[in-house]
Amino acid sequence: MIRSATPGDVPVIANLIRALAEYEKLAHAVVLQEADLHRHLFGATKFAEVLLVEDAGAVVGFALFFHNYSTFRAKPGIYLEDLFVIPEARGKGHGKALLRALAKLAVERDCARVEWSVLNWNEPSIQFYKSLGAKPMDEWTVYRLTDDALTKLAASGDGR
């Protein structure tokens, strides 16, 4: 069963994020605070949404996403930040069910596309996504400003 997350799900979502980070060999990068997650998912300004997948009454996976915008298509899109199913629940269609639910939301919300990133070494996920008809955007390179670089740029001069 797929359902939208509720405020009471924040501890479960945080645990799933930590499990995803462990899988991606990035556990050292997780510094999330549940209060921040709660505020950003369910506060006055909602920055992201979460779909949860349950099996036999237990949450076994999640999809965290938010809207972006395509200027060329003049339509919103959905960016899938994270998709994760716990290892012992894989192979049962939960990942596909989450993506199907996300695709339905995108169609209902008149979105032009659903996009996400995948680590280059994650071949099982890459093959899964390709089996659904997803195409890699090899001609694009992701750039990111964080921490000191972000702070430095924000504090620099008058923007010129």
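Residues numbered from 1 in each chain as written. Predicted model: local features only at pLDDT ≥ 70, side-chain atom pairs only at ≥ 80, totals over all residues. Heavy atoms only, no water.

Visitor: So what's going on with the overall build of the chain? Residues and values would help.
Guide: Helices and strands together make up the secondary structure of the chain, namely five helices and five strands. On C-alpha atoms alone, the chain measures out to a radius of gyration of 17 Å, which is about the 15 Å that the 2.2 N^0.38 rule sets for 160 residues. Taken along the three principal axes of its C-alpha coordinates, the chain extends 55 × 35 × 35 Å. A burial count over the chain gives 31% of its 160 residues as buried. Restricting to contacts in the chain with at least 6 residues of sequence separation, those with at least 24 account for 54%. (Helix = DSSP H or I, 4+ residues; strand = E, 2+ residues; numbered from the N terminus. Rg over C-alpha atoms; globule rule 2.2 N^0.38 Å. Buried < 20%, exposed > 50% of the residue type's maximum accessible area, 1.4 Å probe, protein only. Contact = heavy atoms within 4.5 Å.)

Visitor: Lay out the pattern of salt bridges with the relevant residues and their values.
Guide: In total, this model carries seven salt bridges according to the counting rule given. Two residues, arginine 109 and glutamate 49, come together in a salt bridge whose shortest N-O distance is 2.8 Å. Placement of arginine 109 in the loop between helix H3 (94-108) and strand E5 (114-116) and of glutamate 49 in strand E2 (residues 49-55) is noted, with a sequence separation of 60 residues between them. Classification of arginine 109 as partly exposed rests on a relative accessible area of 30%. Across the pair aspartate 110 and lysine 75 runs a salt bridge whose closest N-O atoms are separated by 2.8 Å. Note that aspartate 110 is positioned in the loop between H3 and E5 and lysine 75 in strand E4 (residues 75-85), a separation of 35 residues in sequence. (Salt bridge = Lys/Arg side-chain N within 4 Å of Asp/Glu carboxyl O.)

Visitor: Describe in detail the packing of helix H1 (residues 10-23) against helix H2 (residues 34-42), supporting the description with residues and values.
Guide: Relative orientation and spacing of two packed helices are given, respectively, by the angle between their axes and the distance between those axes. In contact at an axis separation of 10 Å, H1 and H2 are set at 110 degrees when each is read in the N-to-C sense. Regarding the angle of H1 to H2, the classification is roughly perpendicular. When you trace H1 past H2, the crossing you get is right-handed. Residue-level inspection shows Val10, Pro11, Ile13, Ala14, Ile17 and Arg18 of H1 in contact with H2, the latter providing Glu34, Leu37, His38, Leu41 and Phe42. Class assignment for the residues of the contact of H1 with H2 results in eight nonpolar, one polar and two charged. (Axes fitted to C-alpha atoms, helices over the stretch in contact; angles between N-to-C directions. Parallel < 35°, antiparallel > 145°, perpendicular 65-115°, else oblique. Left-handed = near helix turned anticlockwise from the far one by under 90°. Nonpolar A, V, L, I, M, F, W, Y, C, P; charged D, E, K, R; others polar.)

Visitor: Before we move on, can you summarise the side chain of aspartate 9 with the specific residues and values?
Guide: The residue aspartate 9 is located in the loop between strand E1 (2-4) and H1 in this model. One polar contact links aspartate 9 to arginine 3, side chain to side chain, over a distance of 2.7 Å. One polar contact links the side chain of aspartate 9 to the main-chain amide nitrogen of threonine 6, over a distance of 2.8 Å. (Polar contact = N/O pair within 3.5 Å; in protein donor to acceptor, adjacent residues only side chain to side chain.)

Visitor: Please set out the packing of aromatic side chains residue by residue, giving values where relevant.
Guide: This model, assessed by the stated rule, comprises five aromatic pairs. Measuring from ring centre to ring centre gives 5.9 Å for tyrosine 23 and tryptophan 121, while their planes differ by 50 degrees; the resulting arrangement is tilted. With tyrosine 23 in helix H1 and tryptophan 121 in the loop between E5 and helix H4 (123-131), this pair connects stretches of sequence that are 98 residues apart. Given the relative accessible area of 28%, tyrosine 23 is considered partly exposed. Classification of tryptophan 121 by relative accessible area gives partly exposed; the value is 42%. Ring pairing ties together the aromatic residues Tyr23, Phe84 and Trp121, which thus form one cluster. Lying over the aromatic face of tryptophan 121, lysine 25 brings its terminal NZ or CZ to 4.1 Å of the ring centre. Just above the ring of tyrosine 23 sits the side chain of arginine 90; from NZ or CZ to the centre is 4.8 Å. (Phe/Tyr/Trp six-rings, centres within 6.5 Å; stacked < 30°, edge-to-face > 60°. Lys NZ or Arg CZ within 6 Å of the ring centre and 35° of its normal.)

Visitor: Requested: an account of the nonpolar core, with residues and values cited.
Guide: Within the largest apolar cluster, 34 residues are counted, with the highest numbers of intra-cluster contacts made by Ile13, Val50, Leu51 and Phe62. Counting residues per element, the ones that place at least two in this core are H1, H2, E2, strand E3 (58-70), E4 and H3. Contact partners of phenylalanine 62, with chain neighbours within four places excluded, come to Leu16, Ile17, Leu20, Val50, Leu51, Leu52, Asp82, Leu83, Phe84 and Leu98. (Core = buried A, V, L, I, M, F, W, Y, C linked by side-chain atoms within 4.5 Å.)

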